[in-house]
Amino acid sequence: MGEKTCSTIKFGGVLKVSKLSRGGFALSLAVMVGLGLVLGAEPVLAAGRGYEKSIEPNGKSCKSDNDTDCFTLGVTNTPNSVLKNKIEQAKHKKSCDEGDAWGCYSLGWMYDEGSGVEQDYSIALGLYTKACDGGEPKGCTNIGWMYGEGNGVEQSDIKAYEFYKRGCYDGDPLGCANLGWMFEVGRGTEQDLGRAVDLYRQACNRGQLTSCNYLGDMYVQGKGVNQSHKKAIDIYTRTCNEGNAFGCSNLGWMYDGGHGVKQDFIKAASLYKRACEDENAWGCNNLGWIYEQGNGVEANEVKAAEFYRKSCDSGYDLGCTNLGWLYQYGVDLGQDIKEALKLFDQACKGEEYIGCNNLGVLFQNGDGVEQNYETAVEYYKQACGGGVNLGCTNLGVMYEYGAGVLLSKATAIEYYDKACDDNFLQACVYIGSIYRTYGAVSIFFKETDENYMKAVNYYQKACQGGDYEGCDSLGYLHLNGFGVEQNEEKAFGFYDQTCNGGFNEGCLMLGMLYQEGTGVEENPTKAFELYQLACEKDIASGCSYVAQMYARGEGVIKDKFKALEFLQKACDFGLTKDCNILKDMS
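Residues numbered from 1 in each chain as written. Predicted model: local features only at pLDDT ≥ 70, side-chain atom pairs only at ≥ 80, totals over all residues. Heavy atoms only, no water.

1. What to know about the overall build of the protein
Next up, step 1: Tallying secondary structure elements over the protein gives 30 helices and 2 strands in all.
Next up, step 2: Counting the 586 residues in the protein, one finds 53% classified as buried.
Next up, step 3: Just so you have it, the protein exposes about 24,900 Å², and 48% of that area is on carbon and sulfur atoms. (Helix = DSSP H or I, 4+ residues; strand = E, 2+ residues; numbered from the N terminus. Buried < 20%, exposed > 50% of the residue type's maximum accessible area, 1.4 Å probe, protein only. Areas by Shrake-Rupley, 256 points an atom, 1.4 Å probe, with all protein chains shown as cover.)

2. Some remarks on the state of the cysteines
Next up, step 1: If you walk through the whole model with that rule in mind, you get 14 disulfides.
Next up, step 2: Across the disulfide from C535 sits C543; the S-S distance is 2.1 Å. With the S-S bond torsion at 90°, the cross-link from C535 to C543 turns out right-handed. Assigned by exposure class, C535 and C543 land together as buried. (Disulfide = S-S within 2.5 Å.)

3. Regarding unusual backbone geometry
Next up, step 1: The residue E279 is not glycine, and still its phi comes out positive at about 65°.
Next up, step 2: Mapped onto the secondary structure, E279 falls in the loop between α13 (265–277) and α14 (281–293).
Next up, step 3: Backbone geometry at E351 places phi at a positive 65°, although glycine is not the residue there.
Next up, step 4: Here E351 is to be found in the loop between α17 (337–349) and α18 (353–365).

4. Let's talk about the packing of aromatic side chains
Next up, step 1: All told, the structure shown has 20 aromatic pairs when counted by the stated rule.
Next up, step 2: Seen from their ring centres, Y416 and Y430 are 5.4 Å apart, and the 65° between their planes marks the pair as edge-to-face. Here Y416 is found in helix α21 (residues 409–421), whereas its partner Y430 is found in helix α22 (residues 425–444), with 14 residues between them in sequence.
Next up, step 3: What makes Y430 buried here is its relative accessible area of 3%.
Next up, step 4: On the numbers, 5.9 Å between centres and 20° between planes, the contact of Y550 with F566 is stacked. Here Y550, found in helix α28 (residues 540–552), pairs with F566, found in helix α29 (residues 560–572); they are 16 residues apart in sequence, far enough to count as distant. With respect to burial, Y550 and F566 carry one shared label: buried. (Phe/Tyr/Trp six-rings, centres within 6.5 Å; stacked < 30°, edge-to-face > 60°.)

5. Comments concerning the side chain of E339
Next up, step 1: Structurally, the position occupied by E339 is in helix α17.
Next up, step 2: Contacts of E339, omitting those with residues within four sequence positions, involve R309 and Y327. (Contact = heavy atoms within 4.5 Å.)

6. A few points about the pattern of salt bridges
Next up, step 1: Per the counting criterion, the structure on display carries 17 salt bridges.
Next up, step 2: With a shortest N-O distance of 3.3 Å, D234 and K230 are connected by a salt bridge. On the criterion of helical spacing, the pair formed by D234 and K230 is a turn pair, its members being 4 residues apart in helix α11 (residues 229–241).
Next up, step 3: One salt bridge in this structure joins E565 and K562, with 3.8 Å as the shortest N-O distance. Highlighted residues: E565 and K562, both in helix α29, separated by 3 residues, approximately one helical turn.
Next up, step 4: A relative accessible area of 35% means that E565 is categorised as partly exposed.
Next up, step 5: Overlapping salt bridges, with partners in common, bring together R309, E339 and K342 in one network. (Salt bridge = Lys/Arg side-chain N within 4 Å of Asp/Glu carboxyl O.)

7. Section: the environment of D170
Next up, step 1: Within the secondary structure, D170 sits in the loop between α7 (157–169) and α8 (173–185).
Next up, step 2: Each C-alpha atom of the pair D170 and C132 lies 9.2 Å from the other, and the pair is 38 residues apart in sequence.
Next up, step 3: Apart from residues no more than four positions distant in its own chain, D170 is found in contact with P137 and C140.

8. What about the nonpolar core?
In globular proteins that are soluble, nonpolar side chains generally tend to be buried together.
Next up, step 1: Y128, L179, Y200, M254, Y416 and I431 are the most contacted members of the largest nonpolar core, which has 140 residues in total.
Next up, step 2: Counting residues per element, this core draws most heavily on α22, which supplies 8 residues.
Next up, step 3: Each residue touching M254, except ones within four places of it in the same chain, is listed here: V220, H229, A232, I233, Y236, H259 and V261.
Next up, step 4: Core analysis: the second largest hydrophobic core is formed by 29 residues, C499, A527, Y531 and A534 among them. (Core = buried A, V, L, I, M, F, W, Y, C linked by side-chain atoms within 4.5 Å.)

9. Considering helix α26 (residues 504–516)
An α-helix turns once every 3.6 residues. As a result, residues three or four positions apart point the same way.
Next up, step 1: In a regular helix each residue adds 1.5 Å, so 13 residues correspond to 18 Å; α26 covers 19 Å between its end C-alpha atoms and thus fits that length.
Next up, step 2: Residues of α26 that are buried in the fold lie against α24 (468–480), α25 (488–500), α27 (524–536) and α28.
Next up, step 3: Note on α26: the residue one or two positions beyond its end, G517, has a positive phi of about 70°. (Expected span 1.5 Å × (residues − 1).)

10. Remarks on the confidence of the model for the protein
Next up, step 1: Residue-level pLDDT values for the protein average 84, and 84% of them are 70 or greater.
Next up, step 2: When the criterion is pLDDT under 50, residues 47–84 qualifies, and its contacts beyond four places in sequence or with other chains add up to 115 contacts. (pLDDT = per-residue confidence, 0-100.)

11. Quick look at α8
Next up, step 1: With 13 residues, α8 should reach 18 Å at 1.5 Å per residue; the first-to-last C-alpha distance of 19 Å fits that figure.
Next up, step 2: A large share of α8 lies buried, amounting to 12 of its 13 residues.
Next up, step 3: Buried within α8 we find P173, L174, G175, C176, A177, N178, L179, G180, W181, M182, F183 and E184.
Next up, step 4: Count one or two residues on from α8 and you reach G186, which has phi positive near 75°.

12. Re the environment of I233
Next up, step 1: Mapped onto the elements of the fold, I233 is located in helix α11.
Next up, step 2: I233 has contacts with L251, M254, H259, G260 and V261, leaving out every residue within four places of it along the chain.

13. As for the side chain of N285
Next up, step 1: Assignment of secondary structure puts N285 in helix α14.
Next up, step 2: Of the polar contacts made by the side chain of N285, one reaches the side chain of N286; its length is 3.1 Å. (Polar contact = N/O pair within 3.5 Å; in protein donor to acceptor, adjacent residues only side chain to side chain.)

14. Comments concerning the packing of helix α6 (residues 137–149) against α7
Next up, step 1: Close contact between α6 and α7 brings their axes to 7 Å; oriented N to C, the two are set at 165°. Here α6 lies roughly antiparallel to α7, going by the angle between them. Considering how the two elements wind past one another, α6 and α7 form a crossing that is left-handed. Taking contact as the criterion, the partners of P137, C140, T141, I143, G144, W145, Y147 and G148 in α6 are, on α7, K159, A160, F163, Y164, R166 and G167.
Next up, step 2: When its residues are assigned to classes, the contact of α6 with α7 shows 8 nonpolar, 4 polar and 2 charged. (Axes fitted to C-alpha atoms, helices over the stretch in contact; angles between N-to-C directions. Parallel < 35°, antiparallel > 145°, perpendicular 65-115°, else oblique. Left-handed = near helix turned anticlockwise from the far one by under 90°. Nonpolar A, V, L, I, M, F, W, Y, C, P; charged D, E, K, R; others polar.)

15. Here we look at the packing of helix α12 (residues 245–257) against α13
The angle between the axes and the distance between the axes are what describe a pair of packed helices.
Next up, step 1: Axis separation between α12 and α13 bottoms out at 8 Å; the angle between their running directions is 165°. Between α12 and α13, the angle falls in the class roughly antiparallel. Between α12 and α13 lies a crossing whose hand is left-handed. Residue-level inspection shows A245, C248, S249, L251, G252, W253, Y255 and D256 of α12 in contact with α13, the latter providing F265, K267, A268, L271, Y272, R274 and A275.

Okay, here's the thing in structure tokens:
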């Protein structure tokens, strides 16, 4: 998907995104105003981040010392049984009035959730406070959650931190998990990844399986610990075997991407399916991606849409984005731009910023909505602010060409640079192209070629990262000696790399070098083959050069009719010169 994500990134509430992939940018205003890079999302590491609150226990068994007897573990924290009637309410009230902290906690949870009673955060806070002061640590943890969310109180990360700390130290493993998250992201306290790891491990060892998934993710990313895919796999395997759907989804992600294990799509699909059947939204999203791509299963867009829908309906906004992409570009599902628009909007409102980027593209192109560059810019700003590099790059394009904003090359460079610094290589190419243009102007005024040298640096980063358009541009600069010492052999090497990498304009230039014997021994036959390849890939000039070589019998047997055939192709691609030649000949 334009940038597609299996769960990373997004991106917007996801722990890990492997890559991005759908769509294409434009370099001229005429094209740019009709295009934008659209994203989807590949499989994601599913141990979502954020603090949670303790939940209502399963009756009397919650008096046990085993936390897994007391509450369901998972990001949604949905209780196994919800007390809905006045009898239970009265029982908890009587218990609380008699000084039982557990009764106060249980009654507080009912008011917090509005379960069997009218929701009332202030009453919930008072009951949680009685529970916390009475020695029930889950009450402390849930007070922390209320301050973290700002439910019934003024939002305060510092107070949330203090109550999570109290809950943790008094024995609630979820309090330790939430405290670990505060240390990981630096909210309410200074960031301390090592401390976060210690707290996740402490909670995990006490049966808080969500914390185990957090700990696994820290090992995957090498945050606060030495990176170890093996340790992450061990942790995910344990949590999956103990019935935690997030563990199964994350273990599937490891097999899907071949992280620390031999890549096994069939195994990944099986684990995603297991997680999805247990109502895990991440697993459903990743299973949808498996079916969309046909990895380990027969490709099936309809099934992919089914799993994306399940993920989206379960509150995972990346699933909404991927479903929207299918409605926009899918074949078997049937195109429905209005539905795509609705899904991207839902995702964006849920702070899934790839959805914001994709909304920007729809408004930029006028697909399903009235074209509005200003609105597109606002969505791109949201996407960029949310860490989506393509949003920053699309925003840079709007500033570069003055679409929906005042034209500003400097601002465009600023946004491109942000994406380039995060290794989004297309943005590096775009900055290079701006400096290359500046360099051409400098040379015209006989000034220094400092801008060309900047272009070289950005193109090098792109090329070294595998972006062949960057390599192609380096070939041009070396061929002409702009920003570097002129070197025809190096230019040839860059164009050869570009062509072999599938960037078709590079094949055209490589043909020219072979035809002229520049940087390589002259070889008209090889030149003809390369021009023909470029023509087959819809490069108009390639068709024009093939026509010329047929007309002269250069590198190929002379053939007037073939020359006319390729002149017509070049004309059909819009080359006026070739159209005029055809007209003169007729």
